[in-house]
Amino acid sequence: MTKLSDTQLVILSSAVEREDSNVLPLPGSLRGGAAAKVVGALLKRGLIAETTTDSRTKADAALNRIWRNDEDGNAILLHITDAGLAAIGVEPEGSGSAPTGADGAPSTEPPQDAPAEADAAPKALTPRAGTKQAKLIEMLRADGGATIDEIVAETGWQPHTVRGAFSGALKKKLGLDVTSEKVEGRGRVYMLSK
């Protein structure tokens, strides 16, 4: 399992939630040199990749959607790679994953043989066995559910990361419904509704 900082985990998890898998925009507090350092580390590890487009739109820090422009003025985007998906325990289901370019980033061109459907449903994602996300789901499905503290102890995640996984990866991406209730002696316990 790839070790990620909280910031890297948030960036990759956010990219998974976006329809175009764009890493941008980065979290609001991450700007300038700090942004370049985090993005550089993710690029170096192959967890994200740059994708050059034909667009001449200038990179704009206020919009934070285009990473930079190349020497010809073409916009360069950042996309999560398959290695980035694996690092957070998510993989495309089956062979219907998004087409990728030579650099492993999602292609910016629509597939030649597929009709362009703006309202097509997103591809279903499932956690890979043995990942922290799979462990989280297992804990939430167990009789009695799990508390945030129990999940933190098991996964090594921060409490805010656990809560983010509930609303992001589990609810938005996997369509799972996380419920909670106060249990005397344990506090708030979270579980997946059946």
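Residues numbered from 1 in each chain as written. Predicted model: local features only at pLDDT ≥ 70, side-chain atom pairs only at ≥ 80, totals over all residues. Heavy atoms only, no water.

A. Main features of the pattern of salt bridges. By the definition in use, this model includes 4 salt bridges. In this structure, the salt-bridge partner of E50 is R68, at a minimum N-O distance of 2.9 Å. Of the two residues, E50 sits in strand β1 (residues 48-52) while R68 sits in strand β2 (residues 68-69), which places them 18 residues apart along the sequence. When its relative accessible area of 35% is taken as the criterion, R68 is described as partly exposed. The shortest N-O distance in the salt bridge between R186 and E150 comes to 2.8 Å. (Salt bridge = Lys/Arg side-chain N within 4 Å of Asp/Glu carboxyl O. Helix = DSSP H or I, 4+ residues; strand = E, 2+ residues; numbered from the N terminus. Buried < 20%, exposed > 50% of the residue type's maximum accessible area, 1.4 Å probe, protein only.)

B. Structural context of the nonpolar core. Residues L12, L26, I88, L136, L140, I151 and F166 are the most contacted members of the largest nonpolar core, which totals 37 residues. Where this core is concerned, the elements lending two or more residues are α1 (6-17), α2 (32-44), β3 (75-80), α3 (82-87), α4 (132-141), α5 (148-155), α6 (159-173) and β7 (187-192). Top element by residues in this core is α1. It accounts for 5 residues. When neighbours within four sequence positions are excluded, L140 is seen to be in contact with G145, I151, F166, L170, V178, Y190, M191 and L192. (Core = buried A, V, L, I, M, F, W, Y, C linked by side-chain atoms within 4.5 Å. Contact = heavy atoms within 4.5 Å.)

C. Examining α5 more closely. Along α5, the positions that sit buried rather than exposed are I148, I151 and T155. Looking straight down α5, one finds that the buried residues subtend no more than 65° of arc, so they occupy a single side. For α5, exposure combined with an orientation more than 90 degrees from the buried face picks out D149 and A153. Each element contacted by the buried residues of α5 is listed here: α4, α6 and β7. Two residues or fewer after α5 comes G156, characterised by a positive phi angle close to 85°. (Arc of directions from axis to C-beta.)

D. Geometry of the side chain of D70. Inspection of the secondary structure puts D70 in the loop between β2 and β3. For D70, which is buried and forms no salt bridge, the nearest opposite charge comes from R56, at a distance of 5.5 Å. From its side chain, D70 meets the backbone nitrogen of D72 in a polar contact 3.0 Å long. A distance of 2.8 Å separates a polar atom in the side chain of D70 from the backbone nitrogen of N74. Not counting chain neighbours up to four residues away, the residues in contact with D70 comprise T52 and I76. (Lys, Arg positive; Asp, Glu negative; His and termini not counted. Polar contact = N/O pair within 3.5 Å; in protein donor to acceptor, adjacent residues only side chain to side chain.)

E. Structural view of the sheet that holds β3. Strand order in the open sheet made by the 3 strands is β1-β3-β2, with antiparallel pairing throughout. Only two strands of the sheet have a single neighbouring strand rather than two, namely β1 and β2. Where β1 and β3 come together, 5 bridges link them in antiparallel fashion. Bridge pairing links E50 to L78 in β3. Here α2 sits on the sheet and contacts β1 and β3; the angle it forms with β1, its principal contact strand, is near 95°. (Pairing = 2+ DSSP bridges. Axes fitted to C-alpha atoms, helices over the stretch in contact; angles between N-to-C directions.)

Don't take any of this as a statement about function, it's just geometry.
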